[in-house]
Structure formats: structure tokens, C-alpha cells
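The lines below spell out each chain.
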Amino acid sequence: MQIDKLRGKALDQLFNAILTLKNREECYRFFDDLCTMGEIQSLSQRLEVARMLMAGHTYHHIEEETGASTATISRVKRCINFGNDGYQMTLDRLSEDK
């Protein structure tokens, strides 16, 4: 599995830290300290690209709406098609919460 190459003590610590966050405000505080604004925006953009791809939007529409490059859209699409179903799992859970 591709995910195994990511595993390690430092990443486990990061994920365990994220799992301690209790609400959106704590997420804002933690990620503001952890990441640059550009990094946070890139992560949120990729999730929105995934949502739009799964909803059947075209590359052109996604590019216009999100400002994502076609390279980013293609990478996200590859992850959706050949990845570990992380986008699907997360977006399904977000839909369930609504």
C-alpha cells in the first residue's frame, strides 16, 4: 500500500496532535501555527477540487472556481482514482454531518 511509505514516528506525532483538536477554532489556531497561509490554502483547495471532481464538474469549471492549476486537478483526480480513498471517505463523512 502506498500509504506505508509515509509512516513514521514524526508523522504519527503530527496525526496524533491533529486528533487531539476538539473543534474548528482549535484547528484554526493549530494550523495557523503549523503551516503557512499558502500551505493551508493549498490543502483546502485540493479538498474542494476533489469534491468538485466527484460531483462531475469539468476541469475548466474547477479551474475557474478554485484557481487550481490543471496539474493540481490532475493530481487530485489520480488520487481519487488510484489512491487510498481518503478523499472519498472524508467527503462522505462531511456529507453525513450535514
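The structure under discussion appears in the preceding block.
All figures in this text were calculated on a predicted structure; none of them were measured in a lab.

What counts and how
Residues numbered from 1 in each chain as written. Predicted model: local features only at pLDDT ≥ 70, side-chain atom pairs only at ≥ 80, totals over all residues. Heavy atoms only, no water. Helix = DSSP H or I, 4+ residues; strand = E, 2+ residues; numbered from the N terminus. Buried < 20%, exposed > 50% of the residue type's maximum accessible area, 1.4 Å probe, protein only. Contact = heavy atoms within 4.5 Å. Lys, Arg positive; Asp, Glu negative; His and termini not counted. Charge placed at Lys NZ, Arg CZ, Asp CG, Glu CD. Phe/Tyr/Trp six-rings, centres within 6.5 Å; stacked < 30°, edge-to-face > 60°. Core = buried A, V, L, I, M, F, W, Y, C linked by side-chain atoms within 4.5 Å.

Moving on: the overall build of the protein chain. Helices and strands together make up the secondary structure of the protein chain, namely six helices and zero strands. Listed N to C, the secondary structure of the protein chain is α-α-α-α-α-α in terms of helices and strands. Overall, the protein chain is about 35 × 30 × 30 Å in size when its C-alpha atoms are taken along their principal axes. Looking at the 98 residues of the protein chain, the share that counts as buried comes to 11%. Counting only contacts in the protein chain whose residues sit at least 6 apart along the sequence, the fraction spanning at least 24 positions is 40%. For the protein chain, the distance from the average site of its 13 positive side-chain charges to the average site of its 15 negative ones is 5 Å.

To continue, consider the packing of aromatic side chains. All told, the structure shown has one aromatic pair when counted by the stated rule. Residues Phe30 and Phe31 carry aromatic rings whose centres are separated by 5.5 Å and whose planes lie at 85 degrees to one another, so their mutual orientation is edge-to-face. Overall, Phe30 belongs to the partly exposed group, its relative accessible area being 24%.

Even without being a glycine, Asp85 presents a positive backbone phi close to 65 degrees. With respect to the helices, strands and loops of the structure, Asp85 is situated in the loop between helix H5 (70–82) and helix H6 (86–97).

Here the focus is the nonpolar core. Judged by nonpolar contacts, Val49, Ala50, Met52, Leu53, Ile62, Ala68, Ile73, Val76, Tyr87 and Leu91 together constitute the single largest core of 10 residues. The set of elements that each furnish at least two residues to this core consists of helix H3 (37–54), H5 and H6. Examining the composition of this core, we find that four residues originate from one element, H3, more than from any other.

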